[in-house]
Amino acid sequence: MANKESYLGELEHIVLLAILKLKDGAYGATVRELLISSINREISIGALYATTDRLERKGLITSRKGEATAERGGKAKRYFTVTSLGLENLTQTRQTFEVLWSGTEVTG
Amino acid sequence: MNMLNLIAVVLLKLAAPSDYRDEAIGDLNQAYNKKRLSGSEFSASLYSFKVAIVSSIHFSLFRFKRVKLKEQTIVNLLTGFWLIIFAFFTLFMQWLSNLNFTNKFDVAALNRIVAGQFNLVVTEGEFWQAVGNNITQGKGILCLTDANAAIISLLTLLGAVLVLKFTQSKLTALTSVSILLLLPFIAGTVFLNLNANDMTLDNVGSILTPMLLSTFYSSIAFIGLSLIKNKRTHYA
């Protein structure tokens, strides 16, 4: 049986995918913007950092301090990168969904 | 930056944990500037304020969960709390053992304590003034020693150990031990209330001292024993 820690929560899943999609440009503001523009989901800054903190503790992402810009009031960015464990976890979650979805029809 | 946005930044600064503070404020500033360029300054500030409020709630929950994860933090908080109680108790016992029956405040305060109005005494400035004087003139830590209280505590602890040995339900055991630890205090309070009219202020101290100290001794001993037991279970 898989450990509870190895499961991806819904928010963890979409944040991880957003970081993966943004590649080298993944930091708080861009992750939030991508989620709003692509799936119309607005998550708060607090919820985002709580999620990335959890993902980092699970070893699914790493983070590093970035540059500060005038647009940000001189405050630094924190860039996120998906680790190989994170990639593995995403693939596994995708496969799980595909297995469950195959042959299932949604009517209504 | 207008007032509403400034409040939003301050709110986020207070709520965000130190390791994410700069990044969170930076993200908020970036979102605010982007909204400002595409719309009005007012709508940008309103958006920024809304984001700060929701984020503050999330950050607070996040911080609470983090604290809950750190067992050591809880132990440190409890130790700090216990030290404050211990310091207060020592000062109170010092004041009690240096009572001056010719002093109007001391007599009135003792009467109030016997009448169960302990809270009214400790909120008075005169009480703390007397406590301050006693720090330099009192008996020091020796005021926390009493032979009668030690005997009562030993009996209480013996009772607690027997209860824990023969009780199956954790809730029943916990309730019984709590009552047992407080028993000398409860018994003393009942006794003082029943005999308030017959007692002189001189002999109230002989009831108050063991009643307070035995509960104090038993609690410390019980906490100590529990910690030792937990440590043994942990390392077994």
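Please read all numbers here as calculations on a predicted model, not as lab measurements. Residue numbers here run from 1 along each chain, matching the order of that chain's written sequence. Chain A is the first chain written and ligand 1 is the first ligand written, with later ones labelled in order. Owing to the predicted nature of the model, reporting of local features is limited to residues with pLDDT of at least 70; listing and counting of side-chain atom pairs is limited to 80 or more, with chain, interface and lining totals taken over all residues. In computing side-chain values, all of the structure's heavy atoms are included and hydrogens and water are not.

A. A look at the interface of chain A and chain B. Any two residues whose heavy atoms approach within 4.5 Å at even a single point are treated as in contact. On the chain B side, the residues contacting the 24 residues of chain A number 24 residues. Salt bridge criterion: a side-chain nitrogen from Lys or Arg within 4 Å of a carboxyl oxygen from Asp or Glu. Inspection of the region where chain A meets chain B yields five salt bridges. Any N or O atom pair separated by 3.5 Å or less is treated as a polar contact, with the protein-specific requirement of one donor-capable and one acceptor-capable atom, and with residues adjacent in sequence counted only for side-chain atom pairs. Taken together, the links from chain A to chain B amount to 17 residue pairs in polar contact (both at pLDDT 80 or more). Under the DSSP-based scheme used, a helix requires at least four consecutive residues in state H or I and a strand at least two consecutive residues in state E, with every element numbered from the N terminus. Mapped by element, the contributors of at least two residues to the side of chain A that touches chain B are helix H2 (28–39), helix H3 (45–57) and strand S2 (76–82) of chain A. Of all the elements, H3(A) adds the most residues to the side of chain A that touches chain B, at eight residues. Class assignment of the residues belonging to the side of chain A that touches chain B gives a composition of eight nonpolar, four polar and twelve charged. Residue polarity follows a fixed list, in which Ala, Val, Leu, Ile, Met, Phe, Trp, Tyr, Cys and Pro are nonpolar, Asp, Glu, Lys and Arg are charged, and the others, Gly among them, are polar.

B. Quick look at the packing of aromatic side chains. Geometry of aromatic contacts follows a simple scheme: Phe, Tyr and Trp rings, the Trp one being its six-membered ring, pair when their centres are within 6.5 Å, and the pair is stacked under 30 degrees between planes, edge-to-face over 60, tilted otherwise. As enumerated under the stated definition, the model contains five aromatic pairs over all chains in all. An angle of 80° between the planes, with centres 5.1 Å apart, marks the rings of Phe127(B) and Trp128(B) as edge-to-face. Accessible area is worked out with a 1.4 Å probe on protein chains only. A residue is then buried under 20% of its type maximum, exposed over 50%, and partly exposed in between. Relative accessible area serves as the criterion here: at 1%, Phe127(B) is assigned to the buried category. Taken together, the aromatic side chains of Tyr49(A), Phe80(A), Tyr20(B) and Phe62(B) make up a single cluster linked through ring pairs.

C. Structural detail: unusual backbone geometry. Residue and element names in this part refer to chain A. The phi dihedral of lysine 23 falls on the positive side, at around 50°, and the residue is not glycine. Here lysine 23 falls in the exposed class, since its relative accessible area comes to 63%. The phi dihedral of asparagine 40 is positive, around 55°, even though this residue is not glycine.

D. Region of the structure containing the environment of Gln92(A). Residues and elements named next belong to chain A. Inspection of the secondary structure puts glutamine 92 in helix H4 (residues 84–101). Glutamine 92 gets classed as partly exposed once you look at its relative accessible area, which sits at 49%. In sequence terms glutamine 92 and leucine 8 are 84 residues apart; their C-alpha atoms lie 9.9 Å from each other.

E. Up close: the pattern of salt bridges. Residues and elements named next belong to chain A. One pass over the full model with this rule turns up 13 salt bridges over all chains. Ionic pairing is found between arginine 41 and glutamate 10, a salt bridge with its closest N-O pair at 2.8 Å. In this pair, arginine 41 is assigned in the loop between H2 and H3 and glutamate 10 in helix H1 (residues 10–22), connecting sequence segments 31 residues apart. Taken together, the salt bridges that share partners define one network made up of Glu12, Arg54 and Lys58.

F. Layout of the confidence of the model for chain B. Residue and element names in this part refer to chain B. The pLDDT averaged across chain B works out to 79; a share of 87% of its residues lies at or above 70. Confidence, read as mean pLDDT per element, is least for helix H4 (residues 71–97) in chain B (72) and greatest for helix H2 (residues 21–38) (93). Among the prediction metrics, the complex's ipTM stands at 0.90, with pTM recorded as 0.53. Every residue is assigned a pLDDT by the predictor, reflecting its confidence on a scale from 0 to 100.

G. Highlighting the nonpolar core. The criterion is simple. A nonpolar core is a set of buried Ala, Val, Leu, Ile, Met, Phe, Trp, Tyr and Cys residues joined through side-chain atoms within 4.5 Å. Core analysis: the largest hydrophobic core is formed by 37 residues, its most contacted members being Val15(A), Leu16(A), Ile19(A), Ile45(A), Leu28(B) and Phe59(B). With six residues, the top contributor of residues to this core is H1(A). Discounting chain neighbours no more than four positions away, the residues touching Ile19(A) are Ala26(A), Val31(A), Ile61(A), Phe80(A), Thr81(A) and Val82(A). The next biggest cluster of nonpolar side chains, apart from the first, holds 26 residues, and it includes Phe92(B), Trp95(B), Leu144(B) and Phe216(B).

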